Amino acid sequence: MNLRHIAIIMDGNGRWAKTRGMPRFMGHRAGIAPARICVEHCVKLKVKELSLFMFSTENWSRPQEEISAIFDLLIKTLGTEVKKLHDQGIMVKFVGQREGLGDKLINIMKEAERLTEQNKIMRLNLALSYGGRWDILQTVKSFIAGDQFNISEDKFNEAISTHSFSDIDLLIRTGNENRISNFGLWQLAYAEIYFSKLLWPDFNEGELDKAIQLFESAQRRFGGVYE
Ligand code: IPE
Ligand code: IPE
Ligand code: MG
């Protein structure tokens, strides 16, 4: 299987909670289990890289109460999950803007990356306070700061914050929305895209398999001609 890298825009937590008469926060809490399921399933299928879009640069515009709830949940979840991921041989990497995340979380992130950096089974990229436009802009800024104006695609690939990631082969977006919402604009150039009608807390192995089937049935031409 040529499927190396799956990325997921995990959307629909708030609506999932709302339809159950619960606060949005409960939807975020219910979103942990499907993330775990995806990690397990990808390991089983020998997918080498999984990226999860957890919080966008635009999500900072949400009510402070929801933001705090999301970050409290994140700190708690990483506290228990990182060790399990490490035991499974998974390398954890974070991508996104670190400013504004708070020392406690930043230390947890650094420690998770340090602990798991030699792991080889699968790589798990967690996009936090991440935006595709932010990513491209700060890469361009790094060229300007370095006084280097001969930008090429290869040099850009080396300088971007996701330089150690592979290109995304399959993007899944849940939550019944047909958009990218500023996820990896550079990295998605030739990704196959599967839009799932399921809200993220309802996402499951069967739906992941359907997305993988879509990938497998696609003829990837990369602009060329298929013989
Ligand atoms: C995705 O679910 C999680 C984040 C963006 C943090 P949402 O919170 O966007 O849920 P909906 O789309 O409002 O249902
Ligand atoms: C995308 O979901 C961001 C994440 C899943 C982290 P949003 O809920 O923020 O996207 P929009 O607002 O529906 O485009
Ligand atoms: Mg949403």
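Residues numbered from 1 in each chain as written. Chains lettered and ligands numbered in written order. Predicted model: local features only at pLDDT ≥ 70, side-chain atom pairs only at ≥ 80, totals over all residues. Heavy atoms only, no water.

K.L.:
Explanation requested: the pattern of salt bridges in the structure shown.
P.N.:
Should the charged atoms of two oppositely charged side chains come close, the side chains can pair. Inspection of every chain in the model, using the stated rule, returns 17 salt bridges. Close ionic contact of Asp11 with Arg15 constitutes a salt bridge, the shortest N to O distance being 3.0 Å. What makes Arg15 partly exposed here is its relative accessible area of 32%. With a shortest N-O distance of 3.3 Å, Glu177 and Arg15 are connected by a salt bridge. Here the residue Glu177 occupies a position in the loop between β5 (170-173) and β6 (192-195), and Arg15 occupies one in helix α1 (residues 13-19), the gap between them amounting to 162 residues. It is possible to trace a salt-bridge network through shared partners that takes in Asp11, Arg15, Arg173, Glu177 and Arg179. (Salt bridge = Lys/Arg side-chain N within 4 Å of Asp/Glu carboxyl O. Buried < 20%, exposed > 50% of the residue type's maximum accessible area, 1.4 Å probe, protein only. Helix = DSSP H or I, 4+ residues; strand = E, 2+ residues; numbered from the N terminus.)

K.L.:
Looking at this structure, how should I read the site of ligand 1?
P.N.:
Every one of the 13 residues lining ligand 1 counts as a neighbour, but Asp11, Gly14, Arg15, Arg24 and Arg62 are closest to it. One nitrogen or oxygen atom from the main chain of Asn13 is found 3.1 Å from an oxygen atom belonging to ligand 1. Here Arg15 contributes a backbone N or O atom positioned 2.7 Å from an oxygen atom of ligand 1. Elements supplying a minimum of two residues to the shell around ligand 1: α1, α2 (24-30) and α4 (64-87). Here the element with the most residues in the shell around ligand 1 is α1; it accounts for three residues. When its residues are assigned to classes, the shell around ligand 1 shows three nonpolar, five polar and five charged. (Near = heavy atom within 4 Å. Polar contact = N/O pair within 3.5 Å; in protein donor to acceptor, adjacent residues only side chain to side chain. Nonpolar A, V, L, I, M, F, W, Y, C, P; charged D, E, K, R; others polar.)

None of this, on its own, says anything about what the molecule does.
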